[in-house]
Structure formats: structure tokens, C-alpha cells
Amino acid sequence: MKERNSTAAISVKAPVIGLPRAMLYDRYEVLWKSFFSALGMKGIVSKPTNKAMIEAGSTLAIDEACLSTKIYLGHIQSLIGKCDYILVPRISNFGLHRNMCTKFESLYDVVCNVFRNTDQKFVAYNVDALQKIDEEKAFVDLGTALGYDRKTAQKAYKRAKRNESEDWKKKVHEEEALYKSQGIKVLIVAHSYVLGDAYIGQPVIDYLKGMEVTPIRADVVDRKEALKQSTKVSKTLKWELSRELMGSIQMHRDKVDGLILLSAFPCGPDSMVNEMIIRKFTGLPILNIVLDNQDGTAGLETRLESFTDILKLKKGVL
Ligand code: SF4
């Protein structure tokens, strides 16, 4: 691909990059948008998850795939033909004992294979710190693969990283303020793409708020501190995102009335980690919910209502 600088890219026709609003979007939204915008590219984001997307993704995925993967494929399908490229990152690890779930290593290949009969182009950036490919190198390589020179790509990455850091600090500050609020507080322990999903995670948050309970996101946390704190619970847990959640519980266990563990069926890491959480954090009421692609929230609401009643009784406000 011929190299170009960002100014030239704007003056011709800005390439359009599609960002699926699923999986790591919630985590990297600011980084991705800032990076592509700094390169002079135009980003389009798939719509919030809806029933049709889940059905489409379930048809495209193998039966054994987790619900999050099915949702992701539904989002990809909704972007096919609407952009020049679709971003599907491949993230293996951030270093020793800092692995991502294997789904994030395979997603790019899975997507290319599932949509092999379309003309859609997909682009990845590959993070594998154990192979000396850190995030910055991965983004610079992505920029050059898209035809930009290394200096332009590096500048875009640095700017994006600054924006991401400022945005994250603000979000963490807002979430931390919730621990000081009055009334019943529940820490929701879930991957950002589960809890931040409009179709599967948002109804849980909405329902709790309707019950006058304050839901607090365990994933919105000072990640460095959470990783440090997680070693007090387990020194061997290898999944980065699970360690952040574990560390977040450790940091906030005395500031909340209970935990809700929210997982996508059938999540391999969560099936082990949730069991560990239940055994390690005794004394805190815990509700373990596994979400699948079945329609209807009646069963879910009954469980949430019973759980919040228990918390209210315990606190003497029911
Ligand atoms: S951690 Fe679980 S929900 Fe997330 S991608 Fe892996 S299997 Fe799916």
C-alpha cells in the first residue's frame, strides 16, 4: 500500500473505518476514534446491540461461541459494505501473566473467515508484548498498513493515548464518587462489553436503578492499582481483564452492600474466575447471573428483585 500523510488523506477522500460497538469497543472507544481521526480517517460505529444483531450473530457463529462473540459477529455484519475497512484488533497479551481471553487472539481470523465471501476489507492491530509488540508498535504498524508514514502514525497514536488517559481519569473519578453515595450500593462485576452492551447489560443497570439501588461498575477502575490489588487475591490468575475486576472488588469490598457477577454464556474465564470470587470474598452477598441469547427478562428481574430485597433486609431498610 502506498504511503501517505494525514493531510493528503483528508484532501483526497477520507477513508472510512467501521468500528463494531461490541467486545473491546467500550474499552478502547476513545483511543480508536482519536487515532483514526488524527490520521484524517472517518469512523463509523455500528448501532447499539439489538435483537436482530444477536440473531444474525448467533446464525453466523458456531454454537459453542460465547454470547459476546455472537453479538460481535452481528455488529460486523451490520457494517459490511458501509465502510472501507472494519477494525478487528488482535490482542494476545500485555506481558507475562497479562493475557487476554483467547477469543481476542482469534477474532480477526474468525471474522475474515466468516465474511470471506464479501468484498469487505478488515484491518487488525496486533498486540503481543511477549513477542515485543506493544500497543504503540501495533498502532504504528496499523497506520503504515493503512498507507500513512510511521511518523504520522506515531503522532496520531500519542495524541490518541493522551485523550484516552484524560477520558479514563474522568470516568474513574465519576465512578469512585458513587461509592460515597447513600443507600444500597451494588458492585457489578462484568466485562465492559457485557455491562456496557445496550441489549444485555443495560437492562440490569436500569432495573437496579428502578429498585433504588446504586449500580457501580467494577470495570471502571484505576487499572494499574486494580492489577496490583488483584495479587492479594490470586498471584496466578492470568487473564488481564479478570485481574482488573478481581482487583476492583478487593479495592471496594468494604464500600458496597453486595456483588453481582454478570457473565456471557458460556464464558470460559468467567466460569473459573466467578467461582474463585465466590470462594474468596465470603461475607459479601453475591448474585451470579449468566446471560444467554434467550429472549425475555422476567427470570432475570425476579432474581435481581430477590437479591436487592435481601440487601435491603440486611441493611434494615425493608
Ligand atoms: S472472556 Fe468470556 S465473554 Fe469474553 S470473549 Fe472470552 S469467552 Fe467471551
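Residues numbered from 1 in each chain as written. Predicted model: local features only at pLDDT ≥ 70, side-chain atom pairs only at ≥ 80, totals over all residues. Heavy atoms only, no water.

By the naming in an unreviewed UniProt entry, the protein goes by DUF2229 domain-containing protein and is assigned to Coprococcus catus.

**With respect to the domain arrangement of the protein**
According to the domain assignment, the protein contains domain 1 (6–167) and domain 2 (179–315). Spacing between the C-alpha centres of domain 1 and domain 2 amounts to 27 Å. Of the residues lining the interface, 25 residues belong to domain 1; the matching set on domain 2 comes to 26 residues. Applying the counting criterion to the domain 1 and domain 2 interface returns three salt bridges. In this structure, Asp26 engages Arg217 in a salt bridge whose closest nitrogen and oxygen atoms are separated by 3.3 Å. Joining domain 1 to domain 2, the criterion identifies eight residue pairs in polar contact (both at pLDDT 80 or more). Considered class by class, the residues forming the side of domain 1 that touches domain 2 number 13 nonpolar, six polar and six charged. (Domains from an automatic or database assignment. Contact = heavy atoms within 4.5 Å. Salt bridge = Lys/Arg side-chain N within 4 Å of Asp/Glu carboxyl O. Polar contact = N/O pair within 3.5 Å; in protein donor to acceptor, adjacent residues only side chain to side chain. Nonpolar A, V, L, I, M, F, W, Y, C, P; charged D, E, K, R; others polar.)

**Describing the sheet that holds strand E7 (residues 184–189)**
Through backbone hydrogen bonds, the strands of a sheet pair up, either in parallel or in antiparallel fashion. The parallel open sheet is built from four strands, whose spatial order is E8-E7-E9-E10. Of all the strands in the sheet, the pair left with one neighbour each is strand E8 (213–217) and strand E10 (286–291). Averaged over neighbouring strand pairs, the angle between their axes works out to 25° when direction is ignored. Pairing of strand E9 (residues 258–264) with E10, which is carried by six bridges, proceeds in the parallel orientation. Bridged to Leu261 within E10 is Asn288. With respect to the sheet, helix H7 (residues 150–178) is in contact with E7 and E8, its orientation differing from that of E8 by roughly 145°. Its contacts with the sheet place helix H13 (residues 298–315) against E7, E8, E9 and E10, and it is angled at close to 170° to E10. (Pairing = 2+ DSSP bridges. Helix = DSSP H or I, 4+ residues; strand = E, 2+ residues; numbered from the N terminus. Axes fitted to C-alpha atoms, helices over the stretch in contact; angles between N-to-C directions.)

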